Amino acid sequence: KALQTLRYFRELLENARHNGVAPLISLDEWSIGPPWATEAWGTPHALYAASFIALLVRQAEPLRIGAANYYAPINEGAISVGPWNASLTPLGEALALYSR
């Protein structure tokens, strides 16, 4: 569904060209769901995010995706921060793998 939606959005942008140039797609604040809907971020969240990131990487050039910003990584998915420590969640580990 995500790829179908991105392709549809690209088509809309291509049809709305300004001075012959269609803008890049920028996904501001994508996420894996509302943070209040889960008590812990686990492997299923990491698998979803990793598959979505893989889709973005593969489709960045053909769909002209310029940016994809993950919403609120701290204490809402990727990094658990306590008063004296911080650690990556499984989702954070997946994001770290793609950052290399």
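What comes next is a walk through the structure.

So, how was this worked out
Residues numbered from 1 in each chain as written. Predicted model: local features only at pLDDT ≥ 70, side-chain atom pairs only at ≥ 80, totals over all residues. Heavy atoms only, no water. Phe/Tyr/Trp six-rings, centres within 6.5 Å; stacked < 30°, edge-to-face > 60°. Helix = DSSP H or I, 4+ residues; strand = E, 2+ residues; numbered from the N terminus. Buried < 20%, exposed > 50% of the residue type's maximum accessible area, 1.4 Å probe, protein only. Pairing = 2+ DSSP bridges. Right-handed = clockwise from strand over helix to strand, strands pointing away. Salt bridge = Lys/Arg side-chain N within 4 Å of Asp/Glu carboxyl O. Core = buried A, V, L, I, M, F, W, Y, C linked by side-chain atoms within 4.5 Å. Contact = heavy atoms within 4.5 Å. Axes fitted to C-alpha atoms, helices over the stretch in contact; angles between N-to-C directions. Left-handed = near helix turned anticlockwise from the far one by under 90°. Nonpolar A, V, L, I, M, F, W, Y, C, P; charged D, E, K, R; others polar.

1. Focus on the packing of aromatic side chains
Given two aromatic rings, one states the distance between the centres and the angle between the planes to describe the pair.
Here comes step 1: What the rule picks out here adds up to three aromatic pairs.
Here comes step 2: Consider the rings of W30 and F52, whose centres lie 4.9 Å apart with planes at 55°: the pair is tilted. In this pair, W30 sits in strand β1 (residues 25–30) while F52 sits in helix α2 (residues 43–59), placing the two residues 22 residues apart along the sequence.
Here comes step 3: Residue W30 is classed as buried on the basis of its relative accessible area of 10%.
Here comes step 4: Both rings, one in Y48 and one in F52, keep their centres 6.3 Å apart while their planes meet at 5°; by these two values the pair is stacked. Placement of both Y48 and F52 in helix α2 is noted, with a separation of four residues, approximately one turn of the helix.

2. Considering the pairing of strand β2 (residues 65–70)
Here comes step 1: Where β1 meets β2, four bridges bridge the pair, whose relative direction is parallel. Pairing of W30 across the sheet is with Y70, part of β2.
Here comes step 2: Each parallel crossover has a hand, and the one from β1 via α2 to β2 is right-handed.

3. Focus on the pattern of salt bridges
Here comes step 1: Counting across every chain of the model gives two salt bridges.
Here comes step 2: In this structure, the salt-bridge partner of E14 is R10, at a minimum N-O distance of 3.2 Å. You can see E14 and its partner R10 sitting in helix α1 (residues 2–15), four residues apart, about one turn around the helix.
Here comes step 3: Under the relative-accessibility criterion, E14 is labelled partly exposed at 25%.
Here comes step 4: In this structure, R17 engages E14 in a salt bridge whose closest nitrogen and oxygen atoms are separated by 2.5 Å.
Here comes step 5: With a relative accessible area of 44%, R17 lands in the partly exposed category.

4. Description of the nonpolar core
Here comes step 1: L6, W30, I32 and L56 are the most contacted members of the largest nonpolar core, which has 17 residues in total.
Here comes step 2: Here the element with the most residues in this core is α2; it accounts for five residues.
Here comes step 3: When near neighbours in sequence (up to four residues on either side) are disregarded, L6 contacts I25, L27, L55, L56, L63 and I65.

5. Side note on the packing of α1 against α2
A packed helix pair is summarised by two numbers, namely the angle formed by the two axes and the spacing between the axes.
Here comes step 1: The N-to-C vectors of α1 and α2 enclose an angle of 35°; their axes lie 11 Å apart at closest approach. Considering only the axes of α1 and α2, their crossing is right-handed. Facing A2, L3, L6 and R7 of α1, the residues of α2 in contact are F52, L55, L56 and Q59.
Here comes step 2: Grouping the amino acids of the contact of α1 with α2 by side-chain chemistry returns six nonpolar, one polar and one charged.

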